[in-house]
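Examination of the molecular architecture
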Amino acid sequence: MKLKDKIIVNFCPTGMVPTKASTPHVPISPEEIVEQTHQAYEMGITIAHLHAREEDGTPTYLSSTYRKIFEGVRKHCPDLIICGSSSGRNFPEFEKRSELLELKPDLCSLTLSSLNFLSQASINAPDMIIALAEKMNDLGITPELECFDLGMINFGKYLIKKEIVSGPFYWNLLFGNIAGFQANFSQIGTAVQEIPENHFISFAGLGEFQLKMNAMAIAMGYGVRIGLEDNIWWDTKKTIKATNLDLVKRVHDLMEIHQVELFEPLELGNMGFYNKYTQRRASKNVPVSQ
């Protein structure tokens, strides 16, 4: 869905790849993740797409760690839409990938096919995708439909047709991966045309393409995904390490230039994006529709 004057800002502070060795600014501990998410929330974000790490910085699937993060974010950002990760890059087993779903976040990532990154594969077999989608549906979680190429969009529409996933529908289109969508107008246009008009869409740009895709998304009226998960540099020459708050502020600067406003989390949540089976306490004291 393209809204001329409202922009979804999807904040991705940690991911599975950046380490303290690559950038000191990436939040690793639950306390760091909660604090930076709270700071971004105060600046203005709609969704927080959250990954968990062990104390040594390695990715973890453990719900005990995710619980600390989710509870901290809910305490300080009560109306923020929380998205967990079911990524299979490090954890191929369904039991591990789905453990955090028991915490009933509002959204959870659902990558819609296998893909190759520059030095690593992410395996997402059809039966795995369907099993994750079905468990999300059972627990009232909206899937964040992650797509790196056209085949993933096709499979997402197949899941919708078969009623394996249900609305509201939110698509994250990720551009700039070596084996996926490239960050150019022809591939952006082709991707967007394949998604039904009444669905929500955000663009992500990996690495040096983050700023480019942020600018294109805002100019075209689509949402943005922003944060150190996708890019640790402020500049394309890679001379300055970015912080998460630097990147969020730059998105708001672009929004101001294009005279568009933030899609407030409460507004999006009340359109069906809050967990369907979890009572939410909204910071603005507006009743949340379930």
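Thresholds, definitions, all that
- Residues numbered from 1 in each chain as written.
- Predicted model: local features only at pLDDT ≥ 70, side-chain atom pairs only at ≥ 80, totals over all residues.
- Heavy atoms only, no water.
- Helix = DSSP H or I, 4+ residues; strand = E, 2+ residues; numbered from the N terminus.
- Contact = heavy atoms within 4.5 Å.
- Buried < 20%, exposed > 50% of the residue type's maximum accessible area, 1.4 Å probe, protein only.
- Pairing = 2+ DSSP bridges.
- Axes fitted to C-alpha atoms, helices over the stretch in contact; angles between N-to-C directions.
- Parallel < 35°, antiparallel > 145°, perpendicular 65-115°, else oblique.
- Left-handed = near helix turned anticlockwise from the far one by under 90°.
- Core = buried A, V, L, I, M, F, W, Y, C linked by side-chain atoms within 4.5 Å.
- Polar contact = N/O pair within 3.5 Å; in protein donor to acceptor, adjacent residues only side chain to side chain.
- Expected span 1.5 Å × (residues − 1).
- Arc of directions from axis to C-beta.
- pLDDT = per-residue confidence, 0-100.
- Salt bridge = Lys/Arg side-chain N within 4 Å of Asp/Glu carboxyl O.

**Topic: the environment of I160**
Relative to the helices and strands, I160 resides in helix α5 (residues 150-161). With 22 residues separating them along the chain, I160 and D138 place their C-alpha atoms 15 Å apart. Not counting the four nearest positions on each side in its chain, I160 is found in contact with V165, F169, W171 and H199.

**Re the pairing of strand β10 (residues 142-147)**
Residues in a regular strand project their side chains so that they alternate between the two faces of the sheet. Burial runs high along β10: 6 of the 6 residues are buried. Residues T142, E144 and E146 of β10 are buried on one face, and the alternating residues P143, L145 and C147, pointing to the opposite face, are buried as well. Inspection of the sheet shows strand β7 (residues 107-111) paired to β10 by 5 bridges, in the parallel sense. Within β10, the position partnered with S109 by the bridge is E144. Bridge count for β10 against strand β11 (residues 170-175) is 4 bridges, and the pairing is parallel. Paired with E146 across the strands is N172, a residue of β11.

**Section: the packing of helix α1 (residues 30-43) against helix α8 (residues 244-257)**
Running from N to C, α1 and α8 point in directions that differ by 15°, and their axes come no closer than 10 Å. Taken together, the axes of α1 and α8 lie roughly parallel to each other. For α1 against α8, the interelement crossing comes out right-handed. Facing α1, whose interface residues are Q36, Q39, A40 and M43, α8 presents N244, L245, V248, K249 and H252.

**A few points about the nonpolar core**
Formed by 76 residues in total, the largest nonpolar core has its most connected members in V9, L110, L112, W171, L173, F175 and F203. By size, the runner-up hydrophobic cluster in this structure holds 12 residues, among which are I47, F263, L268 and F273.

**Quick notes on the sheet that holds β11**
The strand order β2-β3-β6-β7-β10-β11-β12-β13 describes a closed barrel built from 8 strands, whose pairing is parallel. Across the sheet, the axes of successive neighbouring strands diverge by a mean angle of 30°, strand direction being ignored. The strands touched by helix α7 (residues 210-220) are β11, β12 (200-205) and β13 (223-226); relative to β13, the strand with the most contacts, the crossing angle is about 160°.

**Describing the side chain of T60**
Here T60 is to be found in strand β5 (residues 59-60). Residue classification places T60 among the buried positions, given a relative accessible area of 4%. In this structure the side chain of T60 is engaged in a polar contact, spanning 3.1 Å, whose partner is the side chain of E54. Excluding residues that lie within four positions of it along the chain, T60 makes contacts with A52, R53, E54, T65, Y66 and F91.

**Things to note about α5**
With 12 residues, α5 extends 17 Å from end C-alpha to end C-alpha; this agrees with the ideal 16 Å at 1.5 Å per step. Turning to α5, its buried residues are M152, I153, F155, G156, L159 and I160. All buried residues of α5 project into a common sector of 165° when viewed along the axis, lining one side. Tucked inside the fold, the buried residues of α5 contact β7, β8 (115-116), α4 (126-138), β10, β11 and α6 (185-193). Near the N-terminus of α5, the side chain that reaches the backbone nitrogen of G151, with its oxygen 3.1 Å away, is that of D149. After α5 finishes, the residue E163 shows a positive phi value of roughly 60°.

**Re the confidence of the model for the chain**
Across the chain, the average pLDDT comes to 94, with 95% of residues at or above 70. Predicted confidence for residues 281-290 stays below pLDDT 50, and this span has 25 contacts to residues more than four positions away or in other chains.

**A word on the environment of I7**
Within the secondary structure, I7 is located in strand β1 (residues 6-7). The spatial distance from the C-alpha of I7 to the C-alpha of E93 is 35 Å, given a sequence separation of 86 residues. Residues in contact with I7, not counting those within four places in the same chain, are T46, I218, G221, Y222, G223, V224, M255, V260, E261, L262 and F263.

**Some points on unusual backbone geometry**
With an omega of 5°, the peptide bond between G167 and P168 qualifies as cis. Looking at the element boundaries, P168 is found in the loop between α5 and β11. Unlike most non-glycine residues, Q259 shows phi in positive territory, near 60°. Tracing the backbone shows Q259 in the loop between α8 and β14 (261-262).

**Concerning the pattern of salt bridges**
Enumeration according to the criterion identifies 10 salt bridges in this entry. As a salt-bridge pair, E146 and R225 come within 3.1 Å of each other at their nearest N and O atoms. Of this pair, E146 sits in strand β10 while R225 sits in strand β13, and the two are 79 residues apart along the sequence. Across this residue pair, the class does not change: E146 and R225 are buried. For the salt bridge of E194 with K157, the shortest nitrogen-to-oxygen distance reads 3.1 Å. Of this pair, E194 sits in the loop between α6 and β12 while K157 is found in helix α5, placing the two residues 37 residues apart along the sequence.

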